[in-house]
Structures are given as structure tokens and as C-alpha cells.
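This is what each chain is made of:
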Amino acid sequence: MSTTESPPPAGESPAGGTTAHPDWTTVQQSTEFQALRHRLRSFVFPLTAAFLAWYLLYVVLASYAAGFMAIKLVGNINVGLVFGLLQFVSTFAITTWYVKWADKKFDPHSQAIREEIEGAGR
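Note that the structure is predicted; figures quoted are calculated from it, not measured.

A separate point is the packing of aromatic side chains. Aromatic ring pairs are described here by two measures, namely the spacing of the ring centres and the angle between the planes. Evaluation of the coordinates by the stated rule reveals eight aromatic pairs. Between the aromatic rings of Phe-43 and Tyr-98, the centroid separation amounts to 6.0 Å while the plane-to-plane angle is 45°, which identifies the pairing as tilted. Highlighted residues: Phe-43 in helix α2 (residues 31-64) and Tyr-98 in helix α4 (residues 79-120), separated in sequence by 55 residues. Ring centres of Phe-43 and Trp-101 lie 4.3 Å apart, and the angle between their planes is 10°; this geometry places the pair in the stacked category. In this pair, Phe-43 is assigned in helix α2 and Trp-101 in helix α4, connecting sequence segments 58 residues apart. When sorted by exposure, Phe-43 lands in the same class as Trp-101, which is buried. Linked through ring pairs, Phe-43, Trp-97, Tyr-98, Trp-101 and Phe-106 together constitute an aromatic cluster.

Set out below in C-alpha cells:
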């Protein structure tokens, strides 16, 4: 839809037919949706906590263990630089892990719920 077009009137689809709006409260309270939320939260919350703990460790070491972080490993590369670069590596690793997990465990169930909702609206 371009910015010059107006949306269709309430209860009417863009093709001109009528659409039934699902009862979102019922959808949210369904066992399938609750299981989907649980599946997402049981993956995302622990991983977020682990990443934040890893980041906090980096910040604490940088603040209170400057001598340790200044230890040279190879040439001018020190422990602090390696820890800092590992923050980026861990971010990309977590993102990759989440995308693969979502493709296998999350998206098929969310698609099934979506199809059920859209099928009920016809």
C-alpha cells in the first residue's frame, strides 16, 4: 500500500470482501500459544542472562583487574583486547544460534498458529 492510498474500511479486506477479526484474547490464552511463549522464553531469557553475565564480567575485569587485562599475549594484543573481540564473536554466535533454533523449534509452531487463526477468519 502506498502512502497515498487509504486503508479499507473496518471489516473489509483490501480485495473488497469482509474479514472476521480473531479474538486475540482467546488466541493468547490458547494452549498452543502458551506453549509457544514458553518455548521462546525458555530459550531467550537464559541466553540473555548468560550474555549479560559475560558482558558484566568483561566490564568488571576492565574496571577492577586492569593488570590482568593488560597482560600481553602476542605482540601488542592483550587479554582485554581478546575479551573485547570475544564480545563481538559471542554476539554473532548467539544470533546465529537463535536463528537456527527459531527456524527449527519456533517458526513451525508459530506458522501453525497463524494458519489456524487465518483459517478461522475465513
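With that out of the way, let us pick up the nonpolar core. Val-27, Leu-36, Phe-43, Leu-47, Trp-101, Ala-102, Phe-106, Ile-113 and Ile-117 form the largest nonpolar core, which has nine residues in total. Those elements that place two or more of their residues in this core are α2 and α4. By residue number, the principal contributor to this core is α4, which donates five residues. Each residue touching Trp-101, except ones within four places of it in the same chain, is listed here: Arg-39, Leu-40, Phe-43 and Phe-106.

What follows covers a nonpolar patch on the surface. Together, Phe-68, Ile-71, Leu-73, Val-74, Ile-77, Leu-81, Leu-85, Phe-88 and Phe-92 make up a nonpolar patch on the protein surface, roughly 900 Å² of accessible area in all. Those elements that place two or more of their residues in the nonpolar patch are β1 (72-74) and α4. In terms of residue count, the dominant contributor to the nonpolar patch is α4 (four residues). Among the structural elements, Val-74 can be located in strand β1.

The next subject is the side chain of Ser-90. Inspection of the secondary structure puts Ser-90 in helix α4. On the accessibility criterion, Ser-90 (16% relative accessible area) is buried. One polar contact links the side chain of Ser-90 to the main-chain carbonyl oxygen of Gln-87, over a distance of 2.9 Å. If near-sequence neighbours (up to four positions away) are discounted, Ser-90 is found in contact with Phe-51 and Trp-54.

Reading the values: the criteria
Residues numbered from 1 in each chain as written. Predicted model: local features only at pLDDT ≥ 70, side-chain atom pairs only at ≥ 80, totals over all residues. Heavy atoms only, no water. Phe/Tyr/Trp six-rings, centres within 6.5 Å; stacked < 30°, edge-to-face > 60°. Helix = DSSP H or I, 4+ residues; strand = E, 2+ residues; numbered from the N terminus. Buried < 20%, exposed > 50% of the residue type's maximum accessible area, 1.4 Å probe, protein only. Core = buried A, V, L, I, M, F, W, Y, C linked by side-chain atoms within 4.5 Å. Contact = heavy atoms within 4.5 Å. Patch = residues over 30% accessible without salt bridge, like charges linked within 9 Å, V, L, I, M, F, W, Y side chains within 5 Å. Areas by Shrake-Rupley, 256 points an atom, 1.4 Å probe, with all protein chains shown as cover. Salt bridge = Lys/Arg side-chain N within 4 Å of Asp/Glu carboxyl O. Polar contact = N/O pair within 3.5 Å; in protein donor to acceptor, adjacent residues only side chain to side chain.

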